[in-house]
Amino acid sequence: MKGCTRRRSLQIIVGFLGLPIVPSELAYSSAKAQPPRATGPDLVVVGGWLVERRDLGTGSPGQTSG
Amino acid sequence: MTEAPFDCAVIGAGPAGITVARKLAQANLKVALLEGGGRETTLDSQALYEGSASGLPYDLGLSRLRYFGGTSGHWTGMCRPLDREDYAPRRDIGRTAWPFDGAELRPYWPEVCDILDLPAKPQWRPRRDDVDPADIKAQESAGLREIYWTWSPARFGDKYWPEISASPNISLFLNTTAISFTADGPNGSAIRSVECRDTVTGEAKSIAARLYVLSCGGVENARTLLFSNALNGTAHGNTGGLLGVGFMEHPHVRVGSFVGFKPFNNPPGNLLSFRYFKTLPAFQKKHGVLNSAIRLLYGGKFEREDFAQWKFSLPEPVTGGEVFVVSEQEPAPGNAITLTAERDRLGVPMVNLDLRLSERDSQTISASARAIAEYLVYSQSGRARIDLTIPIQPGEHLLFGNHHMGATRMGKDERKAVVDENGLVFGTQNLFVAGSSLFPTSGHANPTFTIVSLALRLSEHLKTYKA
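Here the structure is a predicted model, which means the values were calculated and not measured. (Residues numbered from 1 in each chain as written. Chains lettered and ligands numbered in written order. Predicted model: local features only at pLDDT ≥ 70, side-chain atom pairs only at ≥ 80, totals over all residues. Heavy atoms only, no water.)

## Regarding the pairing of strand S11 (residues 273-279) of chain B
All names here are of chain B.
- S11 sits mainly inside the fold: seven of its seven residues count as buried.
- Here S11 shows no split at all, with Ser-273, Arg-275, Phe-277 and Thr-279 on one side and Phe-274, Tyr-276 and Lys-278 on the other all buried.
- The sheet contact formed by strand S5 (residues 144-151) and S11 spans seven bridges and is antiparallel. Residue pairing across strands places Tyr-148 opposite Arg-275, the latter belonging to S11. (Buried < 20%, exposed > 50% of the residue type's maximum accessible area, 1.4 Å probe, protein only. Helix = DSSP H or I, 4+ residues; strand = E, 2+ residues; numbered from the N terminus. Pairing = 2+ DSSP bridges.)

Below you can see the structure in the form of structure tokens.
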């Protein structure tokens with residue numbers, strides 16, 4: 001929550017024209033990017049999210065994982 | 001009261017007018033710089049910007065500032081030149097071209113950077129070595145390219161007040177509202193004076209000059225010409241009926257959310273630049289859409305439970321934010337500034353802005369949203385949830401950039417434009433326009449960088465121009 005509050009305070013840097021400015025070094029957490037996959041993705045939309053079919057596991061789109 | 005003649009009367013002291021006035025004064029021309037507001041904003045002066053909106057709700061009073069320095073007094077400072085393809089015709093969708101290509105303005109960029117307090121050579125896109133080739137391939141597969149905006153701290157009123165107030169070649173007239181022009185010659189083509197009123201007292205004032213530059217903003221430029229034509233029975237700039245027509249904004253649309261696995265906000269080590277993705281020209285042609293840029297903005301609305309239904313392995317903690325599309329808008333004939341029957345307290349008709357999103361505008365936003373969602377999958381750098389139901393009412397999801405473009409468009413043909421390739425109003429010998437109202441197309445970039453580029457180009461032209 002602390003990080004979230006910090007982000008919101010950074011959004012004070014909001015100008016009149018355009019969009020809020022949030023420095024990424026502060027707003028972005030330590031999550032690691034995954035390496036690009038070798039094969040082309042098979043895209044499906046689930047709940048509005050554009051994902052790869054393999055994101056969904058072996059079931060049909062929308063099926064709860066696990 | 002009539003003021004002594006000047007070489008040039010520059011009407012409006014915003015980024016365009018201040019730039020023209022400075023450059024002409026540096027060339028030893030005598031300049032009258034007219035500003036409708038004062039050194040500071042006042043509610044009384046600002047009220048003269050009020051108007052109505054018959055299309056989408058739009059606040060004409062709040063979207064610009066009426067004082068020395070103009071709207072640069074509250075801009076975000078976001079800078080970027082137009083893309084090369086923005087200058088070109090789009091025969092596939094019937095879009096007009098600029099009267100010159102993008103290379104025409106490049107010689108002015110170094111001075112624009114100096115004026116706007118930007119780095120001498122801003123980085124407008126990543127260095128090739130800084131981007132993973134696989135990521136470039138993912139961008140291209142989605143029809144995108146990573147680009148940068150950069151930030152200007154310049155407030156023209158603060159920055160240039162000392163120079164302008166001390167210049168022996170500039171006579172500054174604050175609180176002097178230009179109302180109309182008087183003219184002589186065949187068809188009233190030679191502008192003889194600009195008729196003004198004191199913004200505070202209403203006292204009439206006439207200022208004569210050899211040349212005139214109308215630079216009082218993307219709405220007021222059209223308003224002043226429309227009213228002057230109505231008073232004089234002239235059709236300056238309006239042979240083709242395009243004066244005030246083809247107004248463009250930059251819709252800023254929140255199209256959805258994203259979860260991201262890498263930074264997207266700023267280029268490495270550069271907090272004063274901002275990372276966007278733009279659609280490639282081939283993408284625009286393939287989908288029949290306009291130019292656009294997409295920003296992934298960490299820190300917006302984001303709900304962890306949205307991901308519960310799919311198996312994708314999410315990093316912890318999950319980071320994400322909002323997806324914004326900044327879109328070019330079509331110069332649709334219905335998007336127009338017109339005079340109304342209602343008058344302001346100086347007797348000038350107030351304006352109505354009819355601004356709507358066309359089907360192509362909406363398609364541009366939708367296609368851009370889909371493209372960024374595809375890029376996140378292709379690059380394995382995130383996922384996006386896109387709401388393709390584009391809102392038609394401004395509010396939480398749709399904002400405008402307060403960029404007023406296209407109402408006095410440039411062109412080579414007086415039947416298809418209001419001013420020629422140098423900004424000379426068709427049908428006149430000595431009346432020029434500066435500012436974003438010149439733009440025949442708007443691209444997606446904030447306009448100030450191009451406004452100042454055009455103002456420098458116009459200044460060069462005027463130094464030797466003889467009517």
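## Observations concerning the packing of aromatic side chains
Residue and element names in this part refer to chain B.
- Within the structure shown, the criterion is met by 18 aromatic pairs over all chains.
- Their ring planes at 35° and their centres at 6.4 Å tell us that Tyr-87 and Phe-100 sit as a pair that is tilted. Of this pair, Tyr-87 sits in the loop between strand S4 (78-79) and helix H3 (109-115) while Phe-100 sits in the loop between S4 and H3; the two residues are 13 residues apart in sequence, bridging distant segments of the chain.
- In this structure Tyr-87 comes out as buried when scored by relative accessible area, which is 6%.
- Residue classification places Phe-100 among the buried residues on the basis of a relative accessible area of 9%.
- With centroids separated by 5.8 Å and ring planes inclined at 80°, the aromatic side chains of Trp-109 and Phe-449 adopt a geometry described as edge-to-face. Taken as a pair, Trp-109 in helix H3 and Phe-449 in helix H9 (residues 448-464) lie far apart in primary sequence, 340 residues in all.
- Trp-109 sits in the buried class, given a relative accessible area of 16%.
- Ring-pair connections join several aromatic residues into one group, and the members of that group are Phe-258, Phe-264, Phe-277, Tyr-298 and Tyr-375.
- Taking NZ or CZ as reference, Arg-64 lies 3.9 Å from the ring centre of Tyr-49, over its face. (Phe/Tyr/Trp six-rings, centres within 6.5 Å; stacked < 30°, edge-to-face > 60°. Lys NZ or Arg CZ within 6 Å of the ring centre and 35° of its normal.)

## Let's talk about the packing of helix H1 (residues 15-26) of chain B against H9(B)
Residues and elements named next belong to chain B.
- Put simply, H1 and H9 touch, their axes get as near as 9 Å, and they point 35° apart. Crossing handedness for the pair H1 and H9: right-handed. Seen from H1, the contacting residues are Pro-15, Ala-16, Thr-19, Val-20, Lys-23 and Leu-24; seen from H9, they are Ile-451, Val-452, Ala-455, Leu-456, Leu-458, Ser-459, Leu-462 and Lys-463.
- Partitioned by chemical class, the residues of the contact of H1 with H9 number 10 nonpolar, two polar and two charged. (Axes fitted to C-alpha atoms, helices over the stretch in contact; angles between N-to-C directions. Left-handed = near helix turned anticlockwise from the far one by under 90°. Contact = heavy atoms within 4.5 Å. Nonpolar A, V, L, I, M, F, W, Y, C, P; charged D, E, K, R; others polar.)

## As for the environment of B:Ala204
All names here are of chain B.
- Here Ala-204 shows up in strand S9 (residues 204-214).
- Residue Ala-204 is classed as partly exposed on the basis of its relative accessible area of 43%.
- Taking the C-alpha atoms as reference points, Ala-204 and Leu-24, separated by 180 residues in sequence, lie 26 Å from one another.

## Some remarks on the environment of B:Arg409
Residues and elements named next belong to chain B.
- Along the chain, Arg-409 falls in the loop between strand S17 (398-400) and strand S18 (431-433).
- With a relative accessible area of 6%, Arg-409 lands in the buried category.
- Each C-alpha atom, one on Arg-409 and one on Glu-421, is 9.5 Å from the other, the two residues being 12 residues apart in sequence.

## What to know about the packing of helix H4 (residues 133-142) of chain B against helix H8 (residues 359-378) of chain B
All names here are of chain B.
- Between H4 and H8, the least distance of the axes is 8 Å, while the angle of their chain directions is 150°. Between H4 and H8, the crossing angle belongs to the class labelled roughly antiparallel. For the crossing formed where H4 meets H8, the hand is right-handed. Counted together, Asp-135, Ala-138, Gln-139, Ser-141 and Ala-142 of H4 and Ala-371, Glu-374, Tyr-375 and Tyr-378 of H8 form the full contact between these two elements.
- Classifying every residue of the contact of H4 with H8 by side-chain character gives five nonpolar, two polar and two charged. (Parallel < 35°, antiparallel > 145°, perpendicular 65-115°, else oblique.)

## A few points about H1(B)
Residue and element names in this part refer to chain B.
- With 12 residues, H1 ought to run about 16 Å at 1.5 Å a step, and its terminal C-alpha atoms sit 16 Å apart, in line with that.
- Taken residue by residue, H1 has Pro-15, Ala-16, Gly-17, Ile-18, Thr-19, Val-20, Ala-21, Arg-22, Lys-23, Leu-24 and Ala-25 as its buried positions.
- Within two residues after H1, Asn-28 carries a phi angle of roughly 70°, on the positive side. (Expected span 1.5 Å × (residues − 1).)

## Some details on the sheet that holds strand S3 (residues 52-53) of chain B
All names here are of chain B.
- One open sheet accounts for three strands, arranged S3-S15-S14; its pairing is mixed. Strands at the two margins of the open sheet, each flanked by one partner only, are S3 and strand S14 (336-343).
- Relative to the sheet, helix H6 (residues 220-232) contacts S14 and strand S15 (349-354), its axis offset from that of S14 by approximately 60°.

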